[in-house]
Amino acid sequence: MTSKEALSRYRGKRDFSTTAEPPEAGAPGSAGRPRFVVQIHDASTMHFDFRLEVDGVLKSWAVPKGPPGDPHDKRLAVPTEDHPLAYRDFEGVIAEGGYGAGTVIIWDEGTYRSLATDRRGHGIPFAEALEKGHVSFALEGGKLRGGYALTRLPEDRTGAREAWLLVGRGHRTARRPAPDPRRARSARTGRTLRQTAAASADSGT
């Protein structure tokens, strides 16, 4: 599947004549290690969006309680549609009435290194491991550093929405837990969600 095909759901949910979110084009893939971003999204339900650059798109999960700060913590991660690479730079307000309406800030960002292996411990492509339902990786961000893993949970008989677990692995996992999102500050501007919304209102965007 091409990145354009992978972004069909993203395009279909948005009206780019009214939203400040980026269209599918506008950002090249990373020349070095792939990148990650964690955004706080004050939508109808406050949550953290965890995004990993994979094969030309941002694979994305909504994490209600934010990334774990302790290797023993397990956090529910609900997959959302793939996002364009340009979304890793997005901060601002999604207008009322639009899909995902609310304020978004970048809480953390950086690069990651794949630790994906098969059952024999041999390295495999990250996208392949993700398709199989389990990936391990090491984050190098401003706040999140060290080993993490994402594991898809088995489907239950009710046909409930697909869900994953995001867990920390190893002693280098981030020492600080995700903060109160309303007090958290942007890694780019130092603004809170409230300050970001106010700045957007002042600028008329």
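Described below are features of the structure shown in this document.

Turning our attention to the pairing of strand E9 (residues 164-169). Looking along a regular strand, one sees side chains alternate from face to face of the sheet. Note that strand E4 (residues 74-79) and E9 share four bridges and pair antiparallel. Looking at E9, one finds that alanine 77 is bridged to tryptophan 164. The sheet contact formed by strand E8 (residues 145-152) and E9 spans six bridges and is antiparallel. Directly across from alanine 149, in E9, lies its bridge partner valine 167.

What follows concerns unusual backbone geometry. Unlike most non-glycine residues, aspartate 55 shows phi in positive territory, near 50°. Position of aspartate 55 relative to the elements: it lies in the loop between strand E2 (46-54) and strand E3 (57-63). The exposure class assigned to aspartate 55 is exposed, which follows from its relative accessible area of 64%.

Our focus in this paragraph is the packing of aromatic side chains. All chains considered together, the criterion is met by 10 aromatic pairs. Between tyrosine 10 and phenylalanine 16, the ring centres sit 5.8 Å apart and the planes meet at 40°, which makes this aromatic pair tilted. What makes phenylalanine 16 partly exposed here is its relative accessible area of 31%. Both rings, one in phenylalanine 137 and one in tyrosine 148, keep their centres 6.4 Å apart while their planes meet at 15°; by these two values the pair is stacked. Separated by 11 residues along the polypeptide, phenylalanine 137 in strand E7 (residues 134-141) and tyrosine 148 in strand E8 bring together distant segments of the chain. Since its relative accessible area comes to 0%, phenylalanine 137 is described here as buried. In textbook terms, an aromatic cluster arises when at least three aromatic residues are bridged by ring pairs, as seen for Phe50, Tyr112, Phe126, Phe137 and Tyr148.

A few words now on the pattern of salt bridges. The final tally for this structure, using the stated rule, is 11 salt bridges. Close ionic contact of aspartate 42 with arginine 182 constitutes a salt bridge, the shortest N to O distance being 3.5 Å. Note that aspartate 42 is positioned in strand E1 (residues 35-42) and arginine 182 in the loop between E9 and helix H4 (193-203), a separation of 140 residues in sequence. You can call aspartate 42 partly exposed: its relative accessible area is 23%. Taken together, the shared-partner salt bridges in this structure form one network comprising Arg14, Glu21 and Glu81.

Calculation criteria
Residues numbered from 1 in each chain as written. Predicted model: local features only at pLDDT ≥ 70, side-chain atom pairs only at ≥ 80, totals over all residues. Heavy atoms only, no water. Pairing = 2+ DSSP bridges. Helix = DSSP H or I, 4+ residues; strand = E, 2+ residues; numbered from the N terminus. Buried < 20%, exposed > 50% of the residue type's maximum accessible area, 1.4 Å probe, protein only. Phe/Tyr/Trp six-rings, centres within 6.5 Å; stacked < 30°, edge-to-face > 60°. Salt bridge = Lys/Arg side-chain N within 4 Å of Asp/Glu carboxyl O.

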